[in-house]
Amino acid sequence: MSTSSPRTHTLGSAFSLSDFDFELPPELIAQHPTAQRSGSRLLDGSAPQVVDRIFHELPGLLQAGDLLVFNDTKVVKARIFGEKASGGKLELLIERVLPGHQVVAHMKVSKKPLLGGQMYLAGGARQGGFDAVLLGRWPDENGQLFHLQLSDEPHALMEKHGVMPLPPYIERPAGTADHADTAEDAKRYQTVFARAPGAVAAPTAALHFDEGVLAALAARGVHTASVTLHVGAGTFQPVKTENIADHTMHSEWYEVPEGTQQAIAECKARGGKVVAVGTTTVRTLESWAKFGQASGDTEIFITPGFEFKVVDRLITNFHLPKSTLMMLVSAFAGYEHIMGLYRHAIAQKYRFFSYGDSMLLIRR
């Protein structure tokens, strides 16, 4: 569906995949970040009348006693290039690190190697790289991911031989994104407070924060806390089932530290608002609230009708059509409101997706 003709829904009526589609001019997909992190645009959708702002205005939109919750995950250089024993080229995207130098990865290759097959990454151990052996599929024999045994510690190998895993819609000149990072991407596709390595995609709403904005928030009396959710490549996968209830959600690991749990309780007690920075933070906090687990794997799928228990405000970027994230923000702020904001953003030429602009939403 185009964003020019919103469909009206009543509470409880069923949504289908086409409800979350919209036409996006390709030139609005941001290929590079703004010169300054907080110089990006902020679409203020928290008031009855939409207001176009700049991100560094955010502190003035929050109140003393509010709590900003960030995702402190760190993007790892998870793209690795190599070849099979037969010489065929392959590419790995390491999704998760397991104990014992084992990993779970996506594999791009013309013909999948056999169980026990040897792979030589970054030239292989004999040429300064490392080796890998295929142990099977993940999480079961029919899984889409591959379970691999590496010849050394995975995080060290990725840091030395890997490439920053930019989203598929960010294009780089041939020979750049394939085997080396640009200085811009290595710095800017990472938040200023990234701490816990494990993500293959950045929590993009947090990319707008810089030291100046953080200082202004502190001066205003806004509190901060963090959670961890290691963003997986599944975040870029469009939903393909017209009945969205049939979609199988990808799994991601999260943690809500005790200090953050306490900060949320104190914020609620003083009447402050919990402001989630990004949809990954929403998924983390609402998983904790819904299932009672402070850490573990979550496959939470938030669609209209979901009952939010923690998050009051949301700072988020503009998302892909037909994505689970479009469904999440529609559940949070209201379907018609979100589609109206997207029509406004397209008309005003906001920049979309990971390196794009942001919006501020309230729970409706």
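The following paragraphs examine the structure supplied in this document. For clarity, every value in this text was computed on a predicted model and none was experimentally measured.

1. Brief notes about the packing of aromatic side chains
Reasoning step 1: Tallying each qualifying case throughout the model produces 18 aromatic pairs.
Reasoning step 2: Ring centres of Phe 20 and Tyr 335 lie 5.7 Å apart, and the angle between their planes is 85 degrees; on these two criteria the pair is classed as edge-to-face. Placement of the pair is Phe 20 in the segment before β1 (41-44) and Tyr 335 in helix α7 (residues 335-347), with a sequence separation of 315 residues. Grouping residues by exposure puts Phe 20 and Tyr 335 together as buried.
Reasoning step 3: Ring centres of Tyr 189 and Tyr 355 lie 6.0 Å apart, and the angle between their planes is 85 degrees; on these two criteria the pair is classed as edge-to-face.

2. Here we look at the pairing of strand β3 (residues 67-71)
Reasoning step 1: With respect to burial, β3 is a largely interior element, five of its five residues being buried.
Reasoning step 2: Alternating residues of β3 divide into Leu 67, Val 69 and Asn 71 and Leu 68 and Phe 70, and every residue in both groups is buried.
Reasoning step 3: Of the strand pairs in this sheet, β3 and strand β12 (residues 223-229) are connected by five bridges, and their pairing is parallel. Its bridge partner being in β12, Phe 70 is matched across the sheet by Ser 226.
Reasoning step 4: For β3 and strand β14 (residues 274-277), the ladder comprises three bridges, and the chain directions are parallel. By the bridge assignment for β14, Leu 67 is matched with Val 274.

3. Some thoughts on α7
Residues spaced three or four apart along an α-helix face the same direction, because each turn holds 3.6 residues.
Reasoning step 1: Relative to the 18 Å expected for 13 residues at 1.5 Å per residue, α7 spans 18 Å between its end C-alpha atoms, a close match to the ideal helical length.
Reasoning step 2: The complete set of buried residues in α7 reads Tyr 335, Ile 338, Met 339, Leu 341, Tyr 342, Ala 345 and Ile 346. Summarising the axial view, the buried residues of α7 lie within an arc of 155 degrees, below the 170-degree limit, and thus occupy one face.
Reasoning step 3: Taken together, the buried residues of α7 touch β1, β16 (313-317), α6 (324-333) and β17 (358-362).
Reasoning step 4: Just beyond α7, the residue with positive phi is Lys 349, at close to 60 degrees.

4. Details of the packing of α6 against α7
Reasoning step 1: One way to put it is that α6 packs onto α7 with a least axis distance of 7 Å and a crossing angle of 120 degrees. It follows that α6 is oblique to α7 by the angle criterion. Packed against α6, whose contacting residues are Met 326, Val 329, Ser 330 and Ala 333, the element α7 presents Tyr 335, His 337, Ile 338, Met 339 and Tyr 342 at the interface.
Reasoning step 2: Along the lines of polarity and charge, the residues of the contact of α6 with α7 split into seven nonpolar, two polar and no charged.

5. Side note on the environment of Arg 220
Reasoning step 1: Structurally, the position occupied by Arg 220 is in helix α3 (residues 211-220).
Reasoning step 2: Judged by its relative accessible area of 35%, Arg 220 is partly exposed.
Reasoning step 3: Linking Arg 220 and Glu 336, residues 116 residues apart in sequence, is a C-alpha distance of 32 Å.
Reasoning step 4: For Arg 220, the residues in contact, after removing those within four places along its chain, are Pro 59, Gly 60, Leu 62, Gln 63 and Ala 64.
Reasoning step 5: Engagement of the side chain of Arg 220 in a polar contact is seen with the backbone oxygen of Pro 59, the distance being 2.8 Å.
Reasoning step 6: There is a polar contact of 2.5 Å between the side chain of Arg 220 and the backbone oxygen of Leu 62.

6. Structural notes on α6
Reasoning step 1: Within α6, ten of the ten residues are buried, which leaves it mostly tucked inside the rest of the structure.
Reasoning step 2: Of the positions making up α6, those classed as buried are Thr 324, Leu 325, Met 326, Met 327, Leu 328, Val 329, Ser 330, Ala 331, Phe 332 and Ala 333.
Reasoning step 3: Looking at the residues trailing α6, positive phi occurs at Gly 334, about 100 degrees.

Cut-offs applied
- Numbers given to residues run from 1 along each chain, matching the order in which its sequence is written.
- Local features in this predicted model are restricted to residues of pLDDT 70 or higher, and side-chain atom pairs are both shown and tallied only at a pLDDT of 80 or more, whereas totals for entire chains, interfaces and linings draw on every residue.
- Calculation of side-chain values draws on the structure's entire complement of heavy atoms; hydrogens and water are dropped beforehand.
- When two rings of Phe, Tyr or Trp (its six-membered ring) have centres within 6.5 Å they constitute a pair, described as stacked for plane angles under 30 degrees, edge-to-face for angles over 60, and tilted for the intermediate range.
- Per the convention used, a helix needs a DSSP run of H or I reaching at least four residues, while a strand needs a run of E reaching at least two, with both numbered from the N terminus.
- When a residue's accessible area, from a 1.4 Å probe over protein chains only, is under 20% of the maximum for its type it is buried; when over 50% it is exposed; and in between it is partly exposed.
- Strands are labelled as partners when DSSP assigns at least two bridges between them.
- Each helix should span, by expectation, one fewer than its residue count multiplied by 1.5 Å.
- To be clear, the arc concerns the directions from the helix axis to the C-beta atoms.
- Here, residues are in contact when the closest pair of their heavy atoms is within 4.5 Å.
- Only the stretch in contact is used when a helix axis is fitted, and all axes are lines through C-alpha atoms; the angle between N-to-C directions ranges over 0 to 180 degrees.
- Small angles under 35 degrees read as roughly parallel and large ones over 145 as roughly antiparallel, with 65 to 115 read as roughly perpendicular and the rest as oblique.
- Ten residue types, Ala, Val, Leu, Ile, Met, Phe, Trp, Tyr, Cys and Pro, are classed as nonpolar, four, Asp, Glu, Lys and Arg, as charged, and the remainder, Gly among them, as polar.
- Nitrogen and oxygen atoms within 3.5 Å of one another constitute a polar contact, given that in protein one can donate a hydrogen and the other can accept it, and given that sequence-neighbouring residues count only through two side-chain atoms.

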